[in-house]
Amino acid sequence: MMKTKLSLLFAALVVAGVSCNASAHGNVIPQGADSSAMPPITDGDEAEDGWVFENPYRGLDDDTKTEVIKFGESAYANNCAGCHGLHAQSGGINPDLRELNPDSFEDDEWFVERLRFGSAKGMPALGGIPEGQSEPILDQETLWAIKTYVEARRIVAIEEGEIEAD
Ligand code: HEC
């Protein structure tokens, strides 16, 4: 099941001629993730494929959040780093996800938008449901865990002056 979806995605990426700054970082092809240990997200909007539009993991207690960030880190490495850069630091070609501002509701909505629908300029719709399938390649628990990890990286990046807080 997962295999079929990933190979479909692979075919789509090849057809689209996707190129990015990934060659030095290894595989661009998303590997999937098993989010079963993540807190389930059940209060989404049914008319929007069950999505919530604000990071539901942001306010978790520290211990749970640490687990979420750990999982998000590996899910990011396996599914996003090839294009967006190792440790969420972009090489400059594709957007640096640490620029997304967790204080802005719009940035969470933008995250959801890009993950569900992708972009003609090479962002695959990893959280969207491919035609003829019933499940997305990466579920919402995985994607919000990735977002939570990226937000943790943002804090470090601001401290180190790598990006500006806005
Ligand atoms: C095959 C390469 C590729 C992969 C894999 C990929 N992305 Fe992207 N992503 C892009 C490109 C290219 C853009 C810019 C698209 C545009 O500007 O139209 C983008 C844009 C985005 C944006 C919008 C950022 C902004 O500032 O506008 C988000 C959010 C995003 N990606 C999240 C992710 C996450 C999370 C993952 C992993 C689950 C991921 N992407 C995997 C190529 C990729």
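Because the structure is predicted, anything quoted here is derived from the model rather than measured.

Basis of the calculations
- Residues numbered from 1 in each chain as written.
- Predicted model: local features only at pLDDT ≥ 70, side-chain atom pairs only at ≥ 80, totals over all residues.
- Helix = DSSP H or I, 4+ residues; strand = E, 2+ residues; numbered from the N terminus.
- Buried ≥ 20, exposed ≤ 12 C-beta atoms within 10 Å, placed from the backbone.
- Contact = placed C-beta atoms within 7 Å.
- Near = placed C-beta within 6 Å.
- Nonpolar A, V, L, I, M, F, W, Y, C, P; charged D, E, K, R; others polar.
- Axes fitted to C-alpha atoms, helices over the stretch in contact; angles between N-to-C directions.
- Parallel < 35°, antiparallel > 145°, perpendicular 65-115°, else oblique.
- Expected span 1.5 Å × (residues − 1).
- Arc of directions from axis to C-beta.
- pLDDT = per-residue confidence, 0-100.

Student: Mind showing me how you'd approach the overall build of the chain here?
Tutor: Counting its secondary structure elements, the chain contains five helices and zero strands. Helices and strands in the chain line up, N terminus first, as α-α-α-α-α. Expressed as a percentage of its 166 residues, the buried residues of the chain come to 30%. Pairs at least 24 apart in sequence give 69% of the contacts found in the chain among residues at least 6 apart.

Student: Even after reading the chapter, I still don't get the environment of Ser74, so can you show me in this structure?
Tutor: With respect to the secondary-structure elements, Ser74 resides in helix H2 (residues 62-79). Through-space distance from the C-alpha of Ser74 to that of Tyr149 is 9.4 Å; in sequence the pair is 75 residues apart.

Student: What's the story with the site of the ligand in this structure? I'm lost.
Tutor: Around the ligand sit 24 residues in total, of which Cys80, Cys83, Ser119, Lys121 and Met123 are the nearest. Contributing elements (two or more residues each) for the shell around the ligand: helix H3 (81-84) and helix H4 (105-117). A class-by-class count of the residues in the shell around the ligand yields 15 nonpolar, six polar and three charged.

Student: Any chance you could explain the packing of H2 against helix H5 (residues 140-159) here in plain terms?
Tutor: Helix-helix packing is described using two parameters, namely the angle between the two axes and the distance between the axes. Where H2 contacts H5, the axes come no closer than 7 Å and their chain directions differ by 100 degrees. On the basis of the axis angle, H2 is roughly perpendicular to H5. Mapping the contact onto sequence places Lys65, Val68, Ile69, Phe71, Gly72, Glu73, Ala75 and Tyr76 in H2 and Thr142, Ala145, Ile146, Thr148, Tyr149, Val150 and Ala152 in H5.

Student: I'm lost on the environment of Glu73 in this one. Help?
Tutor: Assignment of secondary structure puts Glu73 in helix H2. Judged by the 20 C-beta atoms lying within 10 Å of it, Glu73 falls in the buried class. The sequence separation of Glu73 and Ile146 amounts to 73 residues, and the corresponding C-alpha distance is 6.4 Å.

Student: I keep staring at H4 and nothing clicks. Help me out?
Tutor: An α-helical segment advances 3.6 residues per turn. Residues three or four places apart therefore align on the same side. The first and last C-alpha atoms of H4 sit 18 Å apart over 13 residues, in line with the 18 Å expected at 1.5 Å per residue. By the burial criterion, the buried members of H4 are Asp108, Phe111, Val112 and Leu115. Taken around the axis of H4, the buried residues stretch over an arc of 95 degrees, which confines them to a single face. Projecting away from the buried face of H4 at angles above 90 degrees are the exposed residues Glu106 and Phe117. If you follow the buried residues of H4, they end up packed against H5.

Student: Quick question: what am I supposed to make of H5 here?
Tutor: Helix length check: H5 (20 residues) gives 29 Å between terminal C-alpha atoms against 28 Å at 1.5 Å per residue, within 8%. Looking one or two places after H5, you find Gly161, whose phi comes out positive at around 70 degrees.

Student: What should I look at first to understand the confidence of the model for the chain in this one?
Tutor: Do not read the predicted coordinates in detail wherever pLDDT is low. Mean pLDDT for the chain: 88, with 84% of residues reaching 70 or above. Low pLDDT (under 50) marks residues 14-25, which in the prediction has 16 contacts with non-local residues, meaning those over four places away or in another chain.

Student: Would you take a moment to explain unusual backbone geometry for this structure?
Tutor: Glycine aside, the phi torsion of most residues is negative, and most peptide linkages are trans. With a phi angle near 55 degrees, His87 is a residue other than glycine that sits in the positive phi range. Relative to the assigned elements, His87 resides in the loop between H3 and H4. Overall, His87 belongs to the partly exposed group, with 15 C-beta atoms counted inside 10 Å. In this structure, Ala88 takes a positive phi of about 65 degrees despite not being glycine. Examined against the element boundaries, Ala88 turns out to sit in the loop between H3 and H4.

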